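# Geometric and topological summary
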Amino acid sequence: MDFNGTFLAVIITFILFVFVMNKILYAPILGIMEERRKVIDSNYKDAKDNDKKSEELTAEKEGELNTAKNNAREKYLSAIDEFRQERQSKIESAQVSEKQELERSNDELAHLSDEVKNGLKNSMTDLATDIVEKVIGYRSEVKDFDNSVVDSVLWGDK
């Protein structure tokens, strides 16, 4: 192989071409690629940070939601207990009121019954006199009228 001046000119031209291409084309492309790599790395880091924050917020919201559910459940159970207690007190109050009303009614009925029986007892003497008058034909007083028999019939054996 023969080395002449053309070979040397081709080598110098090639080195000059590589140097110029490096300054004009490769360096800017490499700079753009490096910038792009930094942007991608930054975006990837931001995405990881956002993902981490999202998980933290989700966990926090779930905790708040569970707390709210528990509070709502406690309020619901408290309201049910309060309702049951109020209902029970109203039932007891109504029972006491109805019991008093029943006792008052029973006392009234017993009083009315006693009045009717006393009125009937008082009219027994008149009735006995009227019966005797109808049977024998003239008016006579009934003597030795036994009130104990009338009492046992009207009030039962006391």
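Further up the page is the structure itself.
Computed from a predicted structure; not experimentally measured.

Looking now at the overall build of the protein. Of regular secondary structure, the protein possesses two helices and zero strands. Within the protein, the fraction of its 158 residues that count as buried is 3%. In the form shown here, the protein has an accessible surface area of approximately 14100 Å², with 58% of it arising from carbon and sulfur atoms.

The next point concerns helix 1 (residues 5-136). With 132 residues, helix 1 should cover 196 Å at 1.5 Å per step; its first-to-last C-alpha distance of 186 Å lies within 8% of that length. When the local axis directions of helix 1 are compared, the greatest deviation, roughly 50°, occurs at N22. Positive phi shows up at G137, right after helix 1, with a value of about 100°.

On to a negative patch on the surface. A cluster of like negative charges, contributed by D51, E55, E56 and E60, occupies part of the molecular surface. Structurally, the position occupied by E56 is in helix 1.

Quick look at a nonpolar patch on the surface now. A cluster of nonpolar side chains, L16, F19, V20, I24, L25, Y26, I29, L30 and M33, forms an exposed patch at the surface whose accessible area comes to about 880 Å². Its place among the elements puts Y26 in helix 1.

Throughout the structure, instances matching the rule amount to six salt bridges. Close ionic contact of D41 with R37 constitutes a salt bridge, the shortest N to O distance being 3.0 Å. Of the two residues, D41 and R37 are both situated in helix 1; the distance of four residues between them amounts to about one turn of the helix. When its relative accessible area of 40% is taken as the criterion, D41 is described as partly exposed. According to the relative accessible area criterion, R37 is partly exposed, its value standing at 41%. Note that R104 and E101 form a salt bridge whose closest N and O atoms lie 2.3 Å from each other. Of this pair, R104 and E101 both sit in helix 1, three residues apart, which is roughly one turn of the helix. By relative accessible area, which is 39% here, R104 ends up partly exposed. A residue is classified by how much of its surface remains accessible, and E101, at 34% relative accessible area, is partly exposed. What emerges from the salt-bridge pattern is a single network uniting E34, R37 and D41.

The rules behind the values
Residues numbered from 1 in each chain as written. Predicted model: local features only at pLDDT ≥ 70, side-chain atom pairs only at ≥ 80, totals over all residues. Heavy atoms only, no water. Helix = DSSP H or I, 4+ residues; strand = E, 2+ residues; numbered from the N terminus. Buried < 20%, exposed > 50% of the residue type's maximum accessible area, 1.4 Å probe, protein only. Areas by Shrake-Rupley, 256 points an atom, 1.4 Å probe, with all protein chains shown as cover. Expected span 1.5 Å × (residues − 1). Bend = angle between axes of the 7 residues up to and from the residue. Patch = residues over 30% accessible without salt bridge, like charges linked within 9 Å, V, L, I, M, F, W, Y side chains within 5 Å. Salt bridge = Lys/Arg side-chain N within 4 Å of Asp/Glu carboxyl O. Lys, Arg positive; Asp, Glu negative; His and termini not counted. Charge placed at Lys NZ, Arg CZ, Asp CG, Glu CD.

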